[in-house]
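If you want the building blocks of each chain, they are given just below.
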Amino acid sequence: MKNLIIGLVIVLVLAGVGYYFYKKPEPVSGETIKIGAILPLSGVAANYGEESRNGLETALKDFKEKYPNTNIKIIYEDSLYTSKGGVDAYKKIKHENDVSIVITGASQVSIPIKELSEKDNVLQLAIWTAAPSYSATHNLNYRIHLLADDYINIFTDYFKSKSVKKLAI
């Protein structure tokens, strides 16, 4: 699972950087690409936020080794794992750093930020956002996760293969 998260984060960073260069085909030499990352860095879901941060840092390190002349900076903000915390973090990152790419984690954080990122023309990469209500209505919003409904068949097939008759949650 950890390798999957790291792999997804690497894809996210590469997609974000690719988008940035597509949007700005001739970056100024020495220009810094700023990527906002709004993750739960405290509270009940801090472990998810820290795993995502570790994945982003690993991807960034790998990317810089491959493209040493590219200057990328990831700006982290704590979403507090809440909608309000996520929106406040987005506004802060956008106002203080004028990012053109934002990575968001968790459905309750990604959904309210989607409207803001669309309005601001900011690429949003929503990681571990499984809620069906987060849908790509704009060409700059991407879900990097299965829908919650997609997991039902996976779990059902697994339980059938193990002959599970009862399940308590």
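Conventions we followed
- Residues numbered from 1 in each chain as written.
- Predicted model: local features only at pLDDT ≥ 70, side-chain atom pairs only at ≥ 80, totals over all residues.
- Heavy atoms only, no water.
- Helix = DSSP H or I, 4+ residues; strand = E, 2+ residues; numbered from the N terminus.
- Buried < 20%, exposed > 50% of the residue type's maximum accessible area, 1.4 Å probe, protein only.
- Contact = heavy atoms within 4.5 Å.
- Areas by Shrake-Rupley, 256 points an atom, 1.4 Å probe, with all protein chains shown as cover.
- Pairing = 2+ DSSP bridges.
- Patch = residues over 30% accessible without salt bridge, like charges linked within 9 Å, V, L, I, M, F, W, Y side chains within 5 Å.
- Salt bridge = Lys/Arg side-chain N within 4 Å of Asp/Glu carboxyl O.
- Axes fitted to C-alpha atoms, helices over the stretch in contact; angles between N-to-C directions.
- Left-handed = near helix turned anticlockwise from the far one by under 90°.
- Nonpolar A, V, L, I, M, F, W, Y, C, P; charged D, E, K, R; others polar.

Turning our eyes to something else, we now look at the overall build of the protein chain. Helices and strands together make up the secondary structure of the protein chain, namely 5 helices and 5 strands. Going from the N terminus to the C terminus, the protein chain shows its helices and strands as α-β-α-β-α-β-α-β-β-α. Burial statistics for the protein chain: of 169 residues in total, 39% are counted as buried. Across the protein chain, contacts joining residues at least 24 apart in sequence account for 52% of those joining residues at least 6 apart. A total of about 9,900 Å² of accessible surface is found on the protein chain, and carbon and sulfur atoms cover 57% of it.

Judged by how many residues are buried, strand β3 (residues 101-105) sits mostly within the fold: 5 of 5 residues are covered. The sheet contact formed by strand β1 (residues 32-39) and β3 spans 4 bridges and is parallel. For Ile-38, the partnering residue across the bridge sits in β3 and is Thr-104. Relative to strand β4 (residues 123-127), β3 runs parallel, the two sharing 5 bridges.

On the surface, Val-164, Leu-167 and Ile-169 cluster together into a nonpolar patch covering about 370 Å² of accessible area. Within the secondary structure layout, Leu-167 lies in the segment after α5 (148-161).

This brings us to the packing of helix α3 (residues 83-97) against helix α4 (residues 107-120). The angle between the axes and the distance between the axes are what describe a pair of packed helices. At a minimum axis distance of 8 Å, the contact between α3 and α4 shows a crossing angle of 30°. Once α3 is placed against α4, the crossing between them reads as right-handed. Each of Ser-83, Gly-86, Val-87, Tyr-90 and Lys-94 in α3 lies in contact with α4, whose residues at this interface are Gln-108, Val-109, Pro-112, Ile-113, Leu-116, Ser-117 and Asp-120. Counted by class, the contact of α3 with α4 contains 6 nonpolar, 4 polar and 2 charged residues.

We now examine the pattern of salt bridges. Tallied over the entire structure, the rule returns 7 salt bridges. For Lys-61, the salt bridge goes to Glu-65, with nearest N and O atoms at 3.8 Å. Of the two residues, Lys-61 and Glu-65 both sit in helix α2 (residues 46-66), 4 residues apart, roughly one turn of that helix. Neither residue differs from the other here; Lys-61 and Glu-65 are each classed as exposed. Where Lys-114 meets Glu-118, a salt bridge forms, and the shortest distance between an N and an O atom there is 3.4 Å. Of this pair, Lys-114 and Glu-118 both sit in helix α4, 4 residues apart, which is roughly one turn of that helix.

Geometric values such as these leave the question of function open.
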